[in-house]
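Fold and contact review
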Amino acid sequence: MPDAIMIFAAGFGTRMGALTAHRPKPLIEVAGRTLLDHALALTDAVKLSRRVVNAHYLGDQIAAHLQSRADIAVLHEAPDLLDTGGGLRHALGHLGPGPVFTLNSDAVWTGPNPLLTLRAAWQPARMDALLLTVPPKRANGRRRGGDFTLTNRGRLERGGDAVYTGAQILKTDRVAARTDSIFSLNEIWDAMARDGRLFGAVHPGCWCDVGHPEGIAEAEAMLRAARVNAP
């Protein structure tokens, strides 16, 4: 089972406009807690041995925010932003061998811990990657259509209304084999899909994209509704 996680926190956050003029998007607060801390709370509950956060734009602020967390490695990407695939490749020496979790830091969740949902559904004999999706009706803050179709055998195909949430388990062999330093995980997924090795699972709760300013209020409303409706 995966025992390491990469949290992506290096982007410029341009969709946030003025909110990211002087701070990185992962340090924007939702319901009194930074987006990065929301993500790290998910990993605390899963008790992983190795945690890596990448940083680029205003990365010193991210490093300062995590300076008391000796159990978390902060990797600065410089001079260039490496994209998701390159960022993961850059972190492999810290993450160790075997499959890893990856998690975007610009989302908020309700319902079961998404990492536990992925861990329960992971079947390494069949899968090279398992992406967590959510249907449009539970994808708060989403401003465009879906990403994938989840077939009746659990495989993912491009196009459709299944929204990728930014959480996955991924075998890193194909990432490690790349010789270029800047590339997207989309390229890795497409190769896996061609081989029938790209799979999906469905998050049973709600999810909110906090990649744009309106997403903050939408995420806070979603969290309030979850508290009101909690048994």
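Residues numbered from 1 in each chain as written. Predicted model: local features only at pLDDT ≥ 70, side-chain atom pairs only at ≥ 80, totals over all residues. Heavy atoms only, no water.

What about the overall build of the protein chain?
So the rule is basically this: Only DSSP runs of H or I with at least four residues qualify as helices, and only runs of E with at least two residues qualify as strands; both kinds are numbered from the N terminus onward. C-alpha atoms define the radius of gyration in this analysis, and the globule rule sets the expected value at 2.2 Å times the number of residues to the power 0.38. Working definition: with a 1.4 Å probe on protein chains only, accessible area under 20% of the residue-type maximum means buried, over 50% means exposed, and in between means partly exposed. Here a residue-residue contact requires only that any non-hydrogen atoms of the pair lie within 4.5 Å. Per-residue and other accessible areas follow the Shrake-Rupley method at a 1.4 Å probe size, with only the shown protein chains counted as cover for residues. Asp and Glu count as negative and Lys and Arg as positive, but His and the ends of the chain are not part of the count. We put the charge of a Lys on NZ, of an Arg on CZ, of an Asp on CG and of a Glu on CD.
Broken down by element type, the protein chain carries seven helices and 14 strands. For a compact globule of 231 residues, the expected C-alpha radius of gyration is about 17 Å, and the protein chain comes in at 17 Å, within 12% of that figure. Overall size of the protein chain, expressed as C-alpha extent along the three principal axes, is 40 × 40 × 30 Å. When each of the 231 residues of the protein chain is scored for burial, the buried share is 51%. Put simply, 72% of the contacts in the protein chain that link residues at least 6 apart link residues at least 24 apart. Total accessible area on the protein chain stands at roughly 10,300 Å², and carbon and sulfur atoms take up 52% of it. Separation between the mean location of the 26 positive side-chain charges and that of the 23 negative ones in the protein chain comes to 6 Å.

Details of the packing of helix H1 (residues 35-46) against helix H4 (residues 114-121)
Our working definition: The axes are straight lines fitted to the C-alpha atoms, using for helices just the contacting stretch, and the angles between their N-to-C directions are given from 0 to 180°. In these notes the angle categories are as follows: under 35 degrees is roughly parallel, over 145 is roughly antiparallel, 65 to 115 is roughly perpendicular, and the rest is oblique. Side-chain classes are defined by residue name, with Ala, Val, Leu, Ile, Met, Phe, Trp, Tyr, Cys and Pro counting as nonpolar, Asp, Glu, Lys and Arg as charged, and the others, Gly among them, as polar.
Look at H1 against H4: their axes get within 8 Å of each other, and the N-to-C directions meet at 50 degrees. Our classification of the angle between H1 and H4 gives oblique. Touching Leu42, Thr43 and Val46 of H1 are Pro114, Leu115, Leu116 and Arg119, all from H4. The class makeup of the residues in the contact of H1 with H4 is five nonpolar, one polar and one charged.

A short note on the side chain of His203
Take His203: it is sitting in the loop between strand S13 (198-202) and strand S14 (207-209). Those residues in contact with His203 that lie beyond four places of it in its chain are Trp109, Thr110, Gly111, Pro112, Pro114, Leu132, Thr133, Val134 and Arg138.

Points about H1
Note the threshold: For a helix, the expected span equals 1.5 Å multiplied by the number of residues minus one.
Taking 1.5 Å of rise per residue, twelve residues should cover 16 Å, and H1 covers 18 Å from first to last C-alpha, within 8% of that figure. Every buried residue of H1 is listed here: Leu35, Leu36, His38, Ala39, Leu40, Leu42, Thr43 and Val46. Lys47, located one to two residues past H1, shows a positive phi value of around 60 degrees.

Here's the deal with the sheet that holds strand S9 (residues 139-140)
Applied cut-off: Strand pairing is assigned whenever DSSP identifies at least 2 bridges connecting the two strands.
Across the sheet, which stays open at both edges, the three strands sit in the order S7-S14-S9 with mixed pairing between neighbours. Strands with a single pairing partner mark the edges of an open sheet, and in this sheet they are strand S7 (107-109) and S9. The pairing of S7 with S14 spans three bridges and is antiparallel. Paired with Ala107 across the two strands is Asp209, which belongs to S14.

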